[in-house]
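So the chains spell out like this:
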Amino acid sequence: MANMKKIIIKKNTKRTLVNKNLLDAEIVVEKGANLHLINLPTKKTGRPVKINFHIQAGGVVRQFSALLHSIDLSVQVELLGDCSVFGHFMIYFGAHKEKIIFKSHTKHQGAQTMSRQFICGLAGQKSIADISAKIDISAQADKTDALLAHEGLLLGKQARINSLPGFSIHTNEVRAVHNSAIHYLKPQDLFYLQSRGLSLPQAQKLIISGFLKKLVSYIQEEPTRQETINLIDHKLNKIL
Amino acid sequence: MPRLDKHNKADYIKKAPRGLSENLVRKISQEKKEPAWILKLRLAGLRSFYATPLPGWGPDLSALKFEEIIYYAAPDEIVEDNRSWKNVPKDIKKTFEALGIPEAEKKVLAGVGAQYESETVYHRLKNKWEKLGVIFEDMDTAVQKHKKLVQKYFMKCVAPNDHKFSALHAAVWSGGTFLYVPAGVKVQEPLQAYFRMNAKNMGQFEHTLIIIEENAQAHYIEGCSAPKYGTHSLHAGCVEIFVKPRARFRYSSVENWSADTYNLNTKRALVEKDARMEWVGGNMGSGVTMLYPSSILRGQNAHAEHLGLAYAGRGQIQDTGAKVFHAADNTTANIVMKSISKDGGDTVYRGLIEVASRAKNVVTNVKCDALILDKHSHSHTIPKMRVANPTAEVIHEASVGKVDEENVFYLQTRGLSAEEAASLIVNGFIEPIVKELPLEYAVEMNRLIEINMENSVG
């Protein structure tokens, strides 16, 4: 994909974009337009990356991000028009010393807007994941429906996950939920698989693979979905 | 306890200086005949206060005029022997009678403390607990009578230079409660203290120091109120709690300051091995509250429970939450916070869960729910989690919404009015917190919710 600066998704059109170089972007999604954006950086970025969305009435954005290297990604979303929708499905995977910083700020400004953000990832060895996601719902954003869920697995003794979800809500006609869970591979789950004949590394790989890949199904494009699965497997094979 | 907007005459205020100065701090220390170490701490607090800026986060405190606050004022009639209600001046006694304190003391309490402006007017512990070695004194008396004990613990949990308002507190603290429960003693009835501000522009800076020795148990309740004047009052108290191994302590508080009070309180507990600390709090009053009770779990298997309720009406900002620091293995915590905002009120849940890298097998659950009752009100949640150990399980969930119209309709079909239905639903929402409060506070809280729910439906 060429340098992304300002991209306009025209009214009532549908596009799929794959962002492998993770470039800064200002994306306008016009009325009734539909965008599927896949952020799949293949190496660490040496600088902070910003992706901003301005979604007009009836516009839909479905974003998938796989952060498998050190990265500093900031996503700002403005749901400007009524009935606009933003979905973000993100996985992160720090296996060694990666530093993964993710900040998102979603502003619901139109009525009956919806956002769904699912983040799951793991931090192993000495990696650090800093995940912060804020949702603002303005006084005009009646009947907003917002959901944010973050699940993190800690694998290394020196690994760290910092999570900061947040809401700022200025109307009562709203349904807003967020949850965040940071935990670890349960010994009883590993034991169960080992009792079925798997070795410990095989059991770990199976659980982690299932944990990360559950969001990969949200990638609609088959080649990119497979590529993502391959990248995850490749990284898992290196550590287990 | 009913919110009291009536105030007594306060001629003593005419003599009380406004604003903060080293002279004032020295005068407070001199009048109380304090040992040198306390004066040293006060002066260090004053220097730290001047050197520390206002916090760069949270509610806007720029309207708080420090130079207009009265930091120390004692009622005209000083109570020399504060162990009898007979010695308490009539109008002050009437205030506490209206709050139900003397009656509660007779019926259900192990001991009571009552503070009016900057001084304690009444403090008494039932004989049977005194005989077992329980100490329940006002703080000023404790400084004189139990020098070594107080010096060992005073401002060791909350340091004077912790933040700007702990520094202010260190400089001008007066009154408060000292509670010491010896090892193995389990105080069955609750102990209560009530803090009342009366005069305009008053500041109250009581210090509560609680030490629960090994395998001991107690329950302490604090209530507070102030009349409304339309000019600012300031409350910057401090609560320090030391819960020793295998001890169990519950701290309950219902804060009902008037809407022109800035409530900038600091509350913290150090919890040792196999010990349990419970915080139960209701924040109904004050114009601006910044309050984050904290538990430092530094012994293995220590547990903290934080249950809190915040109500923000017109012109109120309730910025409250809970902080838990897991510094040892197998520590656990459970946090349940409920908030209600109405008529433009603003509630903020601000929390922190921190798991140290050396703390293995930590389990923490946080649940914060908010009800916004109308279009003009606001709710914010800022729950931070920092986890540095791979055996920890930290779970947080939050939901925000309004009273469901379908539920209101259902209750109306059963004969309730819309307001009664909404009130019932809101009472159900806060029930997990209210049921843990002492009965008279629970009843009062339900009553306040009912009053505040008027005209909230439609």
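It should be noted that the structure appears before, not after, this text.
Quantities reported herein were computed from a predicted structural model and do not represent experimental measurements.

Some thoughts on the packing of aromatic side chains
By the definition in use, this model includes 14 aromatic pairs over all chains. For the pair B:Trp57 and B:Tyr292, a centre-to-centre distance of 5.8 Å together with 55° between the ring planes defines the contact as tilted. Here the residue B:Trp57 occupies a position in the loop between helix H2 (36–51) and helix H3 (90–98), and B:Tyr292 occupies one in the loop between strand E15 (288–291) and strand E16 (294–297), the gap between them amounting to 235 residues. Under the relative-accessibility criterion, B:Trp57 is labelled partly exposed at 42%. Connected via pairs of aromatic rings, a cluster forms that spans B:Phe49, B:Tyr50, B:Phe66 and B:Phe165. For A:Lys235, the ring lying beneath its charged end belongs to A:Phe93, and the centroid distance is 5.4 Å.

Remarks on the nonpolar core
Within the largest apolar cluster, 145 residues are counted, with the highest numbers of intra-cluster contacts made by A:Ile27, A:Phe53, B:Phe96, B:Tyr220, B:Ile241 and B:Phe249. Looking at this core, the element that brings in the most residues is helix H10 (residues 418–434) of chain B, giving 6 residues. In this structure, this core is formed jointly by two domains, domain 1 (22–291) and domain 2 (403–458) of chain B, each of which donates at least three residues. Judged by nonpolar contacts, the second largest core, of 27 residues, contains B:Ile28, B:Phe49, B:Ile69 and B:Ala236.

Description of the pattern of salt bridges
Residues and elements named next belong to chain B. On inspection of all chains with the given rule, the structure shows 38 salt bridges over all chains. Between Lys145 and Glu137 there is a salt bridge; the shortest N-O distance is 2.7 Å. For Glu137, a relative accessible area of 14% translates into the label buried. The shortest N-O distance in the salt bridge between Glu213 and Lys244 comes to 3.6 Å. Taken together, the residues Glu213 in the loop between strand E7 (207–212) and strand E8 (217–225) and Lys244 in the loop between strand E10 (238–243) and strand E11 (248–256) connect sequence positions 31 residues apart. For the pair Glu213 and Lys244, one class covers both residues: buried.

Quick notes on the side chain of B:Asp140
All names here are of chain B. Here Asp140 shows up in helix H6 (residues 139–145). Residue class for Asp140 comes out buried when judged on its relative accessible area of 14%. Excluding anything up to four places from it in sequence, Asp140 contacts Lys32, Glu119, Trp173, Ser174 and Gly175.

Describing the interface of chain A and chain B
With 32 residues of chain A in contact, the opposing surface of chain B contributes 31 residues. Regarding the contact of chain A and chain B, the summed buried area is about 2500 Å², with carbon and sulfur atoms giving 50% of it. The interface formed by chain A and chain B includes 3 salt bridges. For B:Glu393, the salt bridge identified is with A:Lys186, shortest N-O distance 3.0 Å. Inspection of the chain A/chain B interface yields 15 residue pairs in polar contact (both at pLDDT 80 or more). Counting only elements with at least two residues in the side of chain A that touches chain B, the list comes to strand E13 (160–169) and strand E14 (174–183) of chain A.

A few points about the environment of B:Pro55
All names here are of chain B. Relative to the elements of secondary structure, Pro55 occurs in the loop between H2 and H3. The sequence separation of Pro55 and Glu222 amounts to 167 residues, and the corresponding C-alpha distance is 27 Å. For Pro55, the residues in contact, after removing those within four places along its chain, are Leu61, Phe165 and Met290.

What about unusual backbone geometry?
All names here are of chain A. With a phi angle near 60°, Asn12 is a residue other than glycine that sits in the positive phi range. Its location among the elements puts Asn12 in the loop between strand E1 (6–9) and strand E2 (14–19). Judged by relative accessible area, which is 59%, Asn12 ranks as exposed. In the Ramachandran plot, Gln112 falls in the positive-phi region, its phi being about 55° despite a non-glycine side chain. Its location among the elements puts Gln112 in the loop between strand E9 (99–108) and strand E10 (114–123). By relative accessible area, which is 47% here, Gln112 ends up partly exposed.

Definitions and cut-offs
- Residues numbered from 1 in each chain as written.
- Chains lettered and ligands numbered in written order.
- Predicted model: local features only at pLDDT ≥ 70, side-chain atom pairs only at ≥ 80, totals over all residues.
- Heavy atoms only, no water.
- Phe/Tyr/Trp six-rings, centres within 6.5 Å; stacked < 30°, edge-to-face > 60°.
- Helix = DSSP H or I, 4+ residues; strand = E, 2+ residues; numbered from the N terminus.
- Buried < 20%, exposed > 50% of the residue type's maximum accessible area, 1.4 Å probe, protein only.
- Lys NZ or Arg CZ within 6 Å of the ring centre and 35° of its normal.
- Core = buried A, V, L, I, M, F, W, Y, C linked by side-chain atoms within 4.5 Å.
- Domains from an automatic or database assignment.
- Salt bridge = Lys/Arg side-chain N within 4 Å of Asp/Glu carboxyl O.
- Contact = heavy atoms within 4.5 Å.
- Buried area = accessible area lost by both parts, 1.4 Å probe.
- Polar contact = N/O pair within 3.5 Å; in protein donor to acceptor, adjacent residues only side chain to side chain.

Any functional reading would require information that these geometric values do not contain.
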